[in-house]
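Single-letter residue listing:
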Amino acid sequence: MHCSCVWSSRALSPALLPRLLSHAGCWAPGTKPRGIWSSPRRLASAVETTQPIPLPSQARVVICGGGIVGTSVAYHLAKLGWTEIVLLEQGRLGAGTTRLCAGIVSVAKPISIECKMADYSNSLYEHLEEETGVKTAQYSLSEVSKLHPLVNIHDLVGALHLPGDAVVSPPDVNHALATAAAGHGVQIHERTTVNHVMMEKGHVTAVETDRGAIECEYFVNCAGQWAYELGQASETKVSVPLHGCEHFYLLSKPLPEPLQPSTPVVMDMDGRIYVRAWQGGVLSGGFEKNPKPIFTEGRNQLEIQTMQEDWDHFEPMLSALLRRMPELEVCEIQQLVNCPESFTPDMRCLMGETPGVHGYFVLAGMNASGLAFAGGAGKYLAEWMTYGYPTANVWPLDIKRFGNLQSSRTFLRHRVMEVMPLLYNLKVPRWDFQTGRQLRTSPLYDRLDTQGARWMEKHGFERAKYFIPAGKDLLSLDASKTFYKPDWFDIVGAEVKCCKEAVCVIDMSSFTKFELTSTDDQALALLQHLCANDLDVPVGHIVHTGMLNERGGYENDCSVVRVKKNSFFIISPTDQQVHCWSWLKKHMPDDPQLHLEDVSWKYTALNLIGPRAMDVLGELSYVSMTPEHFPSLFCKEMSVGYANGIRVMSMTHTGEPGFMLYIPIEYALHVYNEVMSVGQKYGIRNAGYYALRSLRIEKFFAFWGQDLDPFTTPLECGREFRVKFDTDIDFLGRASLLHQRQEGVSRRFIMLVLEDHDTELDLWPWWGEPIYRNGELCGTTTSSAYSYTLERHVCLGFVSPPSLDGSPAAVTPDFINRGDYEVDIAGQRYPAKAKLYPFSSLFAQQRRRKDEMELSNFQGK
Amino acid sequence: CNLPQSFPLAKLWGSSLFPCQRQLPCCPTSHRPTSSQPHPIWPTAMPVRGYRRSPDLHSYNLTPPQVNSILKANEYSFKVPEFDGKNVSSVMGFDSNQLPANAPIEDRRSAATCLQTRGMLLGVFDGHAGCACAQALSERLFYYVAMSLMPHETLCELEAAVEAGRPLSPILQWHKHPNDYFTREAQTMYFNSLRTYWQELIDLSSPGESLGPREALLSAFKRLDSDLSLEAQVGDANSFLHYWVLRVAFSGATACVAHIDGSDLYVANTGDGRAVLGVQEEDGSFSAHTLSNDHNAQNENEVARIQGEHPPSEKKTVVRQDRLLGLLMPFRAFGDVKFKWSIDLQRGVLESGPDQLHDNEHTKFIPPNYHTPPYLTAEPEITHHRLRPQDRFLVLGTDGLWETLHRQEVVRIVGEYLTGVHQRQPLTVGGYHVTLGQMQGLLAERKARASLAFQDQNAATHLIRHAVGNNEFGAVDHETLSKMLSLPEELARMYRDDITIIITQFNPHVVGHQRQGGES
């Protein structure tokens, strides 16, 4: 099936842009523009100046990189009232990728935060007063040919027209932003290379350049292609995981009948190309299947303008272009431009404060969408630096989702070769990267692999998705890509059944594990401040708690074990390794008697899940594991088989009965072997994360990173029972939560059970599907799974009532209970039953206090 | 050029447009050039030097898989087995292939490893006036070489085993394509001749002695040719065999044989086959180093040799129109007793021969100006080359290959195929006026050229694809290939000759090591 997108655009007059932007009334009236460049004219003349203006000896912020990203950050910081901003550029402004890139601002992006950024960029570049929503419309084919005179429509079945997309001249936008920033007092120095970033006690203190040092509080790395190396060039090395790839586009001479500048940009995803009008001809590039990584060895080619053209490499894209627009055959070639772009390991940009170094911010790795993102990303980063966090959830872009482990050049080189083609691939659900794998593994990896494990990767760690029974095999990788019922359906079903009826082992070693200890009660004090739940519990107790920010939003969702009086074992999601560490470090007092250690690598975690788990463990330890002797949410150090000192915890991450075993890694194989051999008579088998996911979603368990984010509070997801409102401990976020409790929540996490959905024939929900209530859009799903128990699909997601007077309305029980809910899967709406807590029958084995799950705020109103 | 179905072949033969290559002009009136005729000793070869390009008469369109199945029908690869994960031989293996133009094909090839002595033997044989002589060479020549190389003691053991009726330990390990056959009926006779040869070798040598490779090759070539001649003179009681030995002797064949033992490469050449070494230069490019001399009119030394072997009165007739006695293109060959025996001997043998021969005007024909036979010899010219690490491969080919591709081009194609590197200049548009359509065409062609290398698993097949399918730009063109390969049998020979190729790849590690060992 061929599908093409026709994106309309309005070309902006380059001449108009600087004027528009420099007259934007965003700064306080009366502030006299000062600094080196205050007008476009001076900007132009400054370039010719042979005597460079001396650098200031100190500044508040130093931004490295004079491309569109750096100038956007400078512009937005200045807009937010920052002063003493210095922007340094090693060559000339916009001389890197910005100068060469194709100039398309497309607002259709895979995830919503990216759409928001592109949307903002678009309106910024056009200088519209308000941000506009993305207008999309399905177009019939005859309309496509009307919109674009050259498109061959014979093999198309449909097209998507985005009138909001725009085409701009990147150097002009760059110039305009620089001029506007200069107008705000930003000092811009070209031909100044940052050699080294100085730090003291984890804070940025100064920047050393080839023209002298500048003392500063903040440093922003916007060095694009060179951001990785710049990160390495600091006292504490900063990991900026990105890697360059060559990117080619073609410029043609004008057509006999020149193409109008207003002609829409065409993106042909199957042909992997984009085409826009350019000076009466076309500009066309693409994202090929076999990218050419570049600059792996580092900064050996400063002059990226002298890149080689490679026609043989461009051949598939040229053929795709001529297939889509056959009339271009007679058009003459002007030039093939090689414009390197930088890519990241997961196709999302890198933004935010680096872990471990205060005041060191990064904005780079734009994955060939620099122009589209620069405006919005610059705004978010400026907000981040100003308020401590942006006004939207940028976790998918947060540089803290990566650590040093993603900084290997070999890893980056291999991964970006996989990432770049994905830009124009169909994004299928549950995509696993194929490159850069088997980096972090459990000691049981080989053992599980030979038993048929199929693997996924999280934060570099291999985790089993499911286990293929001997003699069976799945489809090939390509054939298994589907939005419908996947080929692993029955396999996961069998694992779920075993978890429900017997016992399963899941290797969950990837979890982030910290140990916080102190000589006195400093550890408890810190955790009481950071955690919403009460941690002053007897030794051996396990507490599920969120770590909230000032707004009351989840920075982390974890389980904390009080191992000793002043020693806590903190278990967090896998991808929290860098983020949680940096969150704890940020709030830790400078006390040598308080010690935080990352022990993730020291323990192998096995989850014994199912009603017979206690029988297996009982046999291995000669200790009764029944709920009477080992109640829920307890932790004991005990022996399992020959191995002593195993931390056994009566909890699972799915709500099923069972135990987590935290095993020092050298015992891992022994304990696993013992568990499997004793478990045989109880029908034990391996299970993977897909079974886990199905179990936790049908039990309405929210996961951080999927359902929970820094803008979600415990009240919004029915976890008030995990907040210590009944104490007067002033934990982080308490005030916001109290306020929210008073006002009522304006969005609520609910569970939707799909009805009239044919698992075999209908498209499956995955996440991000719109939720409708009584026909009105009221939210989106955040995760979903097939529940083998309910034999239905279960979606989790947030809904909010429509706002009547502009201010957010509070969620009422009626809003949830008395509405007709529908989930929209690819244009087809399925009725769904909305629920605030899971089916109690699912808890037959392990009853929980039901009132805990109730929403007290509902009862209070 | 449109050739009607019933075109007068005779006329064409006589015309200078299609100069005969190594065809003995038979009597056109009595010889009908159809393959349905009872088998003549001089079959309907129609060799042409300047092959016509792009035949447009019967352009059957072959699909790429059909083309491939034709090209790959005779391909064969041999990889020297590794011991302990290491190949200790200086030869990594070889690829060979042949593409017929004659029906049946007159080229033959052989490859074998010597088991009693060291080394590997590879050879291509280009038959003319039938395939019989080339067939005999392909079966017998390597046994003669192997015998010649054997030390006195081994020969004595062999003789003792035969004498006592004990089984013989094998002498050669053949590496044969299923289409490479042996003439079963003649094996006893061949064996007896061979035994006579080794008995003589025993008599002529003393214990502890063996011939060097140069002498061995020389002796083997000359001995086999004399055996072919002798067997034809003696005849056989079995009329089929009698007929067969005459066919062998009255047809001819050239031979180009390589013997590789460690770093020592010997090439023995008789005729116009050729051995070319592919040498990789320091910059990665390949250059051709020829290890044999062509024995034909283009070789002044050969012309001078032949003229010198005959009285001055024959100076003008012995080489005429670039042919030996105006008839034969190669100046050295096995068989071809018409150029070796006296007129009396030829007549005598034919009269006592089987009836089939009597109808054949061909055999009765005596070359003009035939005064001082023999005019032809099978004595090879022998070249020795000590392999260096930069010597990557050896191409043995019959003249069908060398007529279509220059040796430098051959070495480049094979070298790039084997290294997988296509040394192509990157394209730049510069200031030229190129349209997108033109560029697409150009790129598609470059791509096709690159992908051909992946299509072939056999270097010889890859080379044949180029030899037959190259268009005027030096790129393989499917249309050209399709036309050349779909020619009807009776026309194919006008556009191309049989092509036989063996490409041997050397093991640079072993070659370098042995050299070092040898020099230190």
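What counts and how
- Residues numbered from 1 in each chain as written.
- Chains lettered and ligands numbered in written order.
- Predicted model: local features only at pLDDT ≥ 70, side-chain atom pairs only at ≥ 80, totals over all residues.
- Heavy atoms only, no water.
- Phe/Tyr/Trp six-rings, centres within 6.5 Å; stacked < 30°, edge-to-face > 60°.
- Buried < 20%, exposed > 50% of the residue type's maximum accessible area, 1.4 Å probe, protein only.
- Lys NZ or Arg CZ within 6 Å of the ring centre and 35° of its normal.
- Pairing = 2+ DSSP bridges.
- Helix = DSSP H or I, 4+ residues; strand = E, 2+ residues; numbered from the N terminus.
- Polar contact = N/O pair within 3.5 Å; in protein donor to acceptor, adjacent residues only side chain to side chain.
- Axes fitted to C-alpha atoms, helices over the stretch in contact; angles between N-to-C directions.
- Contact = heavy atoms within 4.5 Å.
- Parallel < 35°, antiparallel > 145°, perpendicular 65-115°, else oblique.
- Left-handed = near helix turned anticlockwise from the far one by under 90°.
- Nonpolar A, V, L, I, M, F, W, Y, C, P; charged D, E, K, R; others polar.
- Buried area = accessible area lost by both parts, 1.4 Å probe.
- Salt bridge = Lys/Arg side-chain N within 4 Å of Asp/Glu carboxyl O.

Colleague: What am I meant to see in the packing of aromatic side chains here?
Modeller: Given two aromatic rings, one states the distance between the centres and the angle between the planes to describe the pair. According to the stated counting rule, one finds 40 aromatic pairs over all chains in the structure shown. Between Trp384 of chain A and Tyr389 of chain A, the ring centres sit 5.3 Å apart and the planes meet at 50°, which makes this aromatic pair tilted. Residue class for Trp384 of chain A comes out buried when judged on its relative accessible area of 5%. By relative accessible area, which is 11% here, Tyr389 of chain A ends up buried. Within the aromatic cluster, the residues linked to one another by ring pairs are Tyr466, Trp488, Phe489, Tyr690, Trp764, Trp766, Tyr786 and Tyr788 of chain A. One cation-aromatic arrangement involves Lys176 of chain B over Phe182 of chain B; the distance from NZ or CZ to the ring centre is 3.8 Å.

Colleague: What's the story with the sheet that holds strand β13 (residues 243-245) of chain A in this structure? I'm lost.
Modeller: Where strands meet in a sheet, backbone hydrogen bonds hold them as pairs that are either parallel or antiparallel. All names here are of chain A. The strand order across the open sheet built from three strands is β18-β13-β20, with neighbouring strands paired in antiparallel fashion. In this open sheet, the two strands that pair with only one neighbour each are β18 (293-294) and β20 (341-343). Pairing of β13 with β18, which is carried by two bridges, proceeds in the antiparallel orientation. Considered in β18, the bridge of Gly244 is made with Ile294.

Colleague: It is not clear to me how the side chain of Thr461 of chain B should be interpreted in this structure. Could you clarify?
Modeller: If you trace the backbone, Thr461 of chain B turns up in helix α15 (residues 459-469). Of the polar contacts made by the side chain of Thr461 of chain B, one reaches the side chain of Asn97 of chain B; its length is 3.0 Å.

Colleague: What should I look at first to understand the sheet that holds strand β8 (residues 274-280) of chain B in this one?
Modeller: Residue and element names in this part refer to chain B. One open sheet accounts for six strands, arranged β1-β2-β15-β14-β8-β9; its pairing is antiparallel. Of all strands in the sheet, those with a lone pairing partner are β1 (76-79) and β9 (286-290), marking the two edges. Neighbouring strand axes in the sheet, compared pairwise and without regard to direction, differ in orientation by 20° on average. With four bridges connecting them, β1 and strand β2 (residues 91-99) associate as antiparallel partners. Its bridge partner being in β2, Phe78 is matched across the sheet by Phe94. Against the sheet, helix α13 (residues 407-419) contacts β8, β9, β14 (391-397) and β15 (499-506), and its axis sits at roughly 130° relative to β9.

Colleague: Mind showing me how you'd approach unusual backbone geometry here?
Modeller: Residue and element names in this part refer to chain B. Following Ala103, the chain continues into Pro104 via a peptide bond in cis, with omega recorded as 0°. Within the secondary structure, Pro104 is located in the loop between β2 and β3 (107-114). Here the bond from Pro373 into Pro374 is cis, since omega is 0°, no more than 30 degrees from zero. Although it is not a glycine, Asp322 sits at a positive phi angle of roughly 65°. Mapped onto the secondary structure, Asp322 falls in the loop between β10 (319-320) and β11 (323-324). On the basis of relative accessibility, which here comes to 44%, the residue Asp322 falls in the partly exposed class.

Colleague: Teacher, can you tell me more about the packing of helix α5 (residues 187-204) of chain B against helix α6 (residues 213-234) of chain B here?
Modeller: When two helices pack together, their arrangement is given by the angle between their axes and by how far apart the axes lie. Residue and element names in this part refer to chain B. Where α5 contacts α6, the axes come no closer than 11 Å and their chain directions differ by 130°. Between α5 and α6, the crossing angle belongs to the class labelled oblique. Crossing geometry of α5 relative to α6 is assigned as right-handed. Here α5 contributes Met189, Tyr190, Ser193, Thr196, Tyr197 and Glu200 to the contact with α6, which in turn contributes Ser219, Ala220, Arg223, Asp227 and Glu231. Counted by class, the contact of α5 with α6 contains four nonpolar, three polar and four charged residues.

Colleague: Any chance you could explain the interface of chain B and chain A here in plain terms?
Modeller: Note on interface size: it is often stated as the accessible area lost on association of the parts. Chain B puts 16 residues into the contact, and the matching count from chain A is 16 residues. Taken together, the two surfaces of chain B and chain A that pack against each other cover about 1500 Å², and 59% of this comes from carbon and sulfur. Ranking the residues of chain B by area buried against chain A places Leu436, Gln440 and Leu443 of chain B at the top, with a combined share of 42%. At the junction of chain B with chain A, the criterion picks out zero salt bridges. At the junction of chain B with chain A, the criterion picks out seven residue pairs in polar contact (both at pLDDT 80 or more). Residue classes in the side of chain B that touches chain A are distributed as eight nonpolar, five polar and three charged.

Colleague: Explain the side chain of Thr652 of chain A to me, please; I cannot follow it from the model alone.
Modeller: Residues and elements named next belong to chain A. Along the polypeptide, Thr652 turns up in the loop between β33 (643-649) and β34 (658-664). Residue classification places Thr652 among the buried positions, given a relative accessible area of 8%. In terms of polar contacts, Thr652 uses its side chain to reach the backbone amide nitrogen of Gly655, at 3.3 Å. A distance of 2.7 Å separates the side chain of Thr652 from the backbone oxygen of Glu656, its partner in a polar contact. When residues no more than four places from it in sequence are discounted, the contact partners of Thr652 are Asn607, Leu608, Ile609, Pro657, Gly658 and Phe659.

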